[in-house]
Amino acid sequence: MKKFPIGIFDSGIGGLTVAHALKEKLPNESIIYFGDTEHLPYGEKSAEALRNYSKRIAKFLLEKNCKCIVIACNSASSVAFEIIKKTVKNIPVFNVIDPVIEKVANSCNACKVGVIGTKATISSNIYKSKINAKCPKAIVSALATPLLAPMIEEKFIGGDISKKIIANYLSNKKLHGIDQLILACTHYPLIYKEIRDYYKGEISVINSTNIVAEHIATELKDKNLLNETQKRERHFYVSNYTKAFEKSAKFFFQEDIKLEEVNLFV
Ligand code: DGL
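Model, not experiment: these values are computed from the prediction. (Residues numbered from 1 in each chain as written. Predicted model: local features only at pLDDT ≥ 70, side-chain atom pairs only at ≥ 80, totals over all residues. Heavy atoms only, no water.)

**Q** So what's going on with the site of the ligand? Residues and values would help.
**A** Around the ligand lies a shell formed by Asp10, Ser11, Pro41, Tyr42, Gly43, Cys73, Asn74, Ser75, Thr118, Cys185, Thr186 and His187. Contact distances for the ligand include 3.2 Å between a nitrogen atom and a side-chain N or O atom of Asp10. One nitrogen or oxygen atom from the side chain of Ser75 is found 2.7 Å from an oxygen atom belonging to the ligand. Contact with the protein chains covers 97% of the free accessible surface of the ligand, which is 310 Å². Its residues placed into classes, the shell around the ligand shows four nonpolar, seven polar and one charged. (Near = heavy atom within 4 Å. Polar contact = N/O pair within 3.5 Å; in protein donor to acceptor, adjacent residues only side chain to side chain. Areas by Shrake-Rupley, 256 points an atom, 1.4 Å probe, with all protein chains shown as cover. Nonpolar A, V, L, I, M, F, W, Y, C, P; charged D, E, K, R; others polar.)

**Q** I'd like a rundown of the environment of Leu26, residues and numbers included.
**A** By the secondary structure assignment, Leu26 is in the loop between helix H1 (16-25) and strand E2 (31-35). Each C-alpha atom, one on Leu26 and one on Ala80, is 26 Å from the other, the two residues being 54 residues apart in sequence. (Helix = DSSP H or I, 4+ residues; strand = E, 2+ residues; numbered from the N terminus.)

**Q** Requested: an account of helix H9 (residues 192-199), with residues and values cited.
**A** Within H9, the full set of buried residues consists of Glu194, Ile195 and Tyr199. Take H9 and look down its axis: the buried residues cluster within an arc of 135°, on one side only. Those residues of H9 that are buried lie in contact with strand E5 (112-117), helix H8 (160-170), strand E7 (180-184) and strand E8 (204-207). Two residues or fewer past H9, Lys200 is found with a positive phi of approximately 50°. (Buried < 20%, exposed > 50% of the residue type's maximum accessible area, 1.4 Å probe, protein only. Arc of directions from axis to C-beta. Contact = heavy atoms within 4.5 Å.)

**Q** So, unusual backbone geometry: which residues are in play, and what are the values?
**A** Backbone phi values are negative for most residues with the exception of glycine, while trans is the configuration of most peptide bonds. Here the bond from Leu40 into Pro41 is cis, since omega is 5°, no more than 30 degrees from zero. Tracing the sequence through the fold places Pro41 in the loop between E2 and helix H2 (47-63). We note that Lys155 has phi near 60°; this positive angle belongs to a residue other than glycine. Judged by its relative accessible area of 39%, Lys155 is partly exposed. Its identity is not glycine, yet Gln254 carries a phi of approximately 65°, on the positive side. As for its position among the elements, Gln254 is in the loop between helix H11 (243-253) and strand E10 (259-261). According to the relative accessible area criterion, Gln254 is exposed, its value standing at 54%.

**Q** Which residues make up the packing of helix H4 (residues 98-107) against helix H6 (residues 126-134), and what are the values?
**A** Contact pair H4 / H6: the axes reach a minimum separation of 10 Å and the direction vectors enclose 45°. Taken as axis vectors, H4 and H6 run oblique relative to one another. The element H4 and its partner H6 pack so that their crossing is right-handed. In this structure, H4 uses Asp98, Ile101, Glu102, Val104 and Ala105 to contact H6, whose residues at the interface are Tyr127, Lys130, Ile131 and Lys134. In terms of residue class, the contact of H4 with H6 is built from five nonpolar, no polar and four charged. (Axes fitted to C-alpha atoms, helices over the stretch in contact; angles between N-to-C directions. Parallel < 35°, antiparallel > 145°, perpendicular 65-115°, else oblique. Left-handed = near helix turned anticlockwise from the far one by under 90°.)

**Q** Mind laying out the environment of Val212, listing which residues take part and the relevant values?
**A** With respect to the secondary-structure elements, Val212 resides in helix H10 (residues 208-222). Overall, Val212 belongs to the buried group, its relative accessible area being 0%. The spatial distance from the C-alpha of Val212 to the C-alpha of Val96 is 6.0 Å, given a sequence separation of 116 residues. Apart from residues lying up to four places away in sequence, Val212 is in contact with Val18, Asn95, Val96 and Pro99.

**Q** I'd like to hear about the packing of aromatic side chains, residue by residue, with values.
**A** Applying the stated criterion across every chain, the model contains eight aromatic pairs. With centroids separated by 5.9 Å and ring planes inclined at 80°, the aromatic side chains of Tyr53 and Phe265 adopt a geometry described as edge-to-face. Separated by 212 residues along the polypeptide, Tyr53 in helix H2 and Phe265 in the segment after E10 bring together distant segments of the chain. Look at Phe265 and you get partly exposed, because its relative accessible area is 24%. For the ring pair Tyr198 and Tyr199, a centre distance of 5.0 Å and an interplane angle of 90° mean the geometry is edge-to-face. When its relative accessible area of 31% is taken as the criterion, Tyr198 is described as partly exposed. (Phe/Tyr/Trp six-rings, centres within 6.5 Å; stacked < 30°, edge-to-face > 60°.)

Structural data, given as structure tokens:
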């Protein structure tokens, strides 16, 4: 079991930021990544559709003998985590939300927390309900920022256009007076610096990738599931292959990767 791969999935390539953080934290681990590029953006899909896609992908990762499953997408984590946990009984299932909630709850009492993410994540209200379950006095204010993911995929980063879009969203009155901002989308680590610059260091901007990788590493260690050999493999699958995705995948994973198409949904 220890040598088996970590299974990771996302709507497409955003989850590669989580895969990258895991690779850095646990370089010996094998990885099977699945990006559901046929159905992206998940942020625009219904909760029911996201549950169905996630169940099918989890089945694929189980068939690949994964020793755990990481839902590396906030939209799918928001609405499909419970059902995947119920369906996948024998191995751990991780989402990208709970480790962040834990961190925020430890550092916040009556603070004001801002959350930005896709429409699916924000309309699920998951961050507010989970933070308030631990910190009833925290004020949680969430804003859907649907232009950010496509903007990042098109590599509009670090220029005038991205600066304007980011400023337009972050100046929304919902986010006035926040002490912390959670980046609740696995695409957003790529604009972490721009968001931090917008706030000029005045608030804490929470980038979930390292928090999530750290949590998974601790859990796998506690469960005695870490690979002790140095033999590892990494495979990256998508439900719809294009050269453009492969190019973007390199940008998200920070090294060249080969995407293989696998048709799960026929
Ligand atoms: N990576 C997805 C997330 O974290 C957003 C992209 C999409 O809408 O598919 O929610």
